[in-house]
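Overview (structure and organization)
Residue strings, one per chain:
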Amino acid sequence: MKSYAAVDLGASSGRVMVGRVGRHELELTEGHRFANRPVRVPEGLRWDVLALYAGVLEGLRTAGPVDSVGIDSWAVDYGLLDADGALLGNPVHYRDGRTDGVAETVWASLPAAELYAATGLQYAPFNTLYQLVAARSCDQLAHAKRLLLIPDLLSYWLTGEQGTELTNASTTQLVDPRTRDWSYDVAARLDIDLSLFAPLRQPGDPAGVLRPEVLEETGLTGPVPVTAVASHDTASAVAAVPASGERFAYICTGTWSLAGLELDAPVLTEESRAANFTNELGLDGTVRYLRNIMGLWLLQECVRTWGDPDLGELLRAAAGVPALRSVVDAGDAQFLAPGRMPERIAEACRASGQPVPETPAEVTRCILDSLALAHRRAVEDAQRLAGHAVDVVHVVGGGVRNALLCQLTADACGLPVVAGPTEAAAFGNVLVQARAHGLVGDRADMRRLLGRTQPLTRYEPRGDTAPWRAAQARLAGG
């Protein structure tokens, strides 16, 4: 067996997981977990990337001897480096307000339909393309010689080598999903300098070796290679969906819910754009055709407002609240910013003429019903738009621990839900490293190994989907 360190950075926490992989064995243990707390400074909301890097180093120190290191993280955000390779300030957080109204400026030069036809990316106000347009007047961008997405920035600090991993690059809205290369026409029309980006890397490519200073600080014995994995955490998570065959949908749950299909080619129709589906790149030439849904962020923000009550008790109380009493659009941009989440959910219900949830249990049930309904819509729409039918929905990520959400998703979709693994992004990260070392084969081999070695829970749908169809119609009418 070989050991691999998977650095997996989410929007609210980071972790260094240690995977041990053999021909018929797969184990994952937590080496170190640390908070990822954005910081609001006078100029806006920023990531504390130095604290994240310190957490990575501490994680590698506790991981012990490893045969390789891989890094995945959330998408779209980046750090800017000067000519000497020094970081020009903390990276801007995607929830920062600097991109407010920028999309309209972009669409004046490049209409939304043309932009989608070229890049296949759904509209999200924080896409890297909009961030770069918003930063045009920024001194940091004017002085920057290199732009590195978050996992590539940390990889650079570990190795001294620069690259841009493809699955994460595809979230910038600057990549053509058909050619799997930069969309040079889009960049030219928006005056974006693609030379800021380091050369593209594929998952499995070598990304350097740990610098001597890193070896000294972590206590590791070199050489320790760093391997480019599917560095967008959703790409790693989808690679770890333990599906058999192709007739499956997936929902990667956590701060966001990413619900969709794994396809061989992008869907670039105008109908797909209107439905706000995205075509992001995955492992082995695949396309992650999915819709971004606000996810458990809604519940996380409410729990924070309520003073962090016991989540198990809250979910048990929510299970006793009548189903589908009130629902909101879980993909609505009004829920993107932090703060006042229970009040904003109540306001949305009031505005649509629904009963207003008042207690934490009622708000929680509203959120979970709304997420399940959003999952239903995404799975239905993806099948229709891609002409790709499914028989099962795989739920992976942090939402696997939320049995009520998994059951409600099965009920809403009218399909069985297979839940697990929880640490899907870390598993995908580890398996790409192991594949680079010849320990596993293709995606099907990776998925068979996951299915044999990891605990999975199956939820069968209860009743028919008529109440969910009615709630969907009610929400659309509201």
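Attention here is on the structure that accompanies the text. (Residues numbered from 1 in each chain as written. Predicted model: local features only at pLDDT ≥ 70, side-chain atom pairs only at ≥ 80, totals over all residues. Heavy atoms only, no water.)

Now for the packing of helix H1 (residues 49-63) against helix H6 (residues 150-159). Where H1 contacts H6, the two axes come as close as 11 Å, and the packing angle between them is 55 degrees. By the angle between their directions, the pair H1 and H6 is classed as oblique. Between H1 and H6 the crossing geometry is right-handed. From H1, Val49, Leu50, Tyr53, Val56, Leu57 and Leu60 reach across to H6, where they touch Leu153, Leu154, Trp157 and Leu158. (Axes fitted to C-alpha atoms, helices over the stretch in contact; angles between N-to-C directions. Helix = DSSP H or I, 4+ residues; strand = E, 2+ residues; numbered from the N terminus. Parallel < 35°, antiparallel > 145°, perpendicular 65-115°, else oblique. Left-handed = near helix turned anticlockwise from the far one by under 90°. Contact = heavy atoms within 4.5 Å.)

The full count for this structure, using the stated rule, is 10 aromatic pairs. Geometrically, the ring pair formed by Tyr94 and Phe126 is tilted, given 5.2 Å between the ring centres and 55 degrees between the ring planes. Separated by 32 residues along the polypeptide, Tyr94 in the loop between strand S7 (78-81) and helix H2 (102-109) and Phe126 in the loop between helix H3 (112-119) and helix H4 (128-134) bring together distant segments of the chain. The pair Tyr94 / Phe126 is uniform in exposure class, with both members buried. Plain terms: the ring middles of Tyr94 and Trp256 are 6.3 Å apart, the flat faces sit at 50 degrees to each other, and that makes the pair tilted. On the criterion of sequence distance, the pair formed by Tyr94 in the loop between S7 and H2 and Trp256 in the loop between strand S15 (248-253) and strand S16 (257-263) is long-range, its members being 162 residues apart. For the pair Tyr94 and Trp256, one class covers both residues: buried. The residue whose ring lies beneath Arg95 is Trp297, and the NZ or CZ to ring-centre distance is 3.6 Å. (Phe/Tyr/Trp six-rings, centres within 6.5 Å; stacked < 30°, edge-to-face > 60°. Buried < 20%, exposed > 50% of the residue type's maximum accessible area, 1.4 Å probe, protein only. Lys NZ or Arg CZ within 6 Å of the ring centre and 35° of its normal.)

So, about the pattern of salt bridges. Side chains that differ in sign of charge can pair as their charged atoms come close. Applying the stated rule across the entire model yields 28 salt bridges. Note that Glu262 and Arg447 form a salt bridge whose closest N and O atoms lie 3.0 Å from each other. In this pair, Glu262 is assigned in strand S16 and Arg447 in helix H18 (residues 443-453), connecting sequence segments 185 residues apart. For Glu262, a relative accessible area of 14% translates into the label buried. Exposure remark for Arg447: the relative accessible area of 6% places this residue in the buried category. Here the salt bridges share partners, and the residues they tie into one network are Glu262, Asp284, Arg435, Arg443 and Arg447. (Salt bridge = Lys/Arg side-chain N within 4 Å of Asp/Glu carboxyl O.)

By size, the foremost hydrophobic cluster in this structure holds 135 residues, and its most contacted members are Val21, Leu298 and Ile345. Broken down by element, the residue count for this core peaks at 12 residues, all from helix H15 (residues 360-386). Those residues in contact with Leu298 that sit more than four places away from it in its chain are Ala330, Phe335, Met341, Ile367 and Leu371. In terms of nonpolar packing, the next biggest core, distinct from the first, is built from 32 residues, Leu80, Leu110, Leu174 and Leu194 among them. (Core = buried A, V, L, I, M, F, W, Y, C linked by side-chain atoms within 4.5 Å.)

What follows covers the pairing of strand S17 (residues 278-281). Residues Thr278 and Glu280 line one face of S17 and the alternating positions Asn279 and Leu281 line the opposite face, and both faces are buried. Note: S17 against strand S18 (residues 287-293), four bridges, orientation antiparallel. Within S18, the residue paired with Glu280 across the bridge is Arg288. In this structure, the hairpin formed by S17 and S18 is closed by a connection of five residues, where Asp284 is found at a positive phi of approximately 60 degrees. (Pairing = 2+ DSSP bridges.)

Between its first and last C-alpha, H15 extends 38 Å over 27 residues, near the 39 Å set by a 1.5 Å rise per residue. Counting buried positions over the 27 residues of H15 gives 21, a clear majority of the element. Backbone geometry just downstream of H15 places Gly387 in the positive-phi region, at approximately 60 degrees. (Expected span 1.5 Å × (residues − 1).)

Right, let's get into unusual backbone geometry. The omega torsion across Gly222 and Pro223 is 0 degrees, close enough to zero to call that bond cis. Within the element layout of this structure, Pro223 appears in the loop between helix H9 (212-218) and strand S14 (225-227). Each neighbour pair has its own omega, and for Gly420 with Pro421 the value is 0 degrees, a cis peptide bond. Residue placement: Pro421 occurs in the loop between strand S20 (417-419) and helix H17 (424-436). Despite not being glycine, Asp284 shows a phi value in the positive range, around 60 degrees. With respect to the secondary-structure elements, Asp284 resides in the loop between S17 and S18. In the Ramachandran plot, Leu324 falls in the positive-phi region, its phi being about 55 degrees despite a non-glycine side chain. Inspection of the secondary structure assignment puts Leu324 in the loop between helix H13 (311-319) and helix H14 (341-351). Residue classification places Leu324 among the buried positions, given a relative accessible area of 11%.

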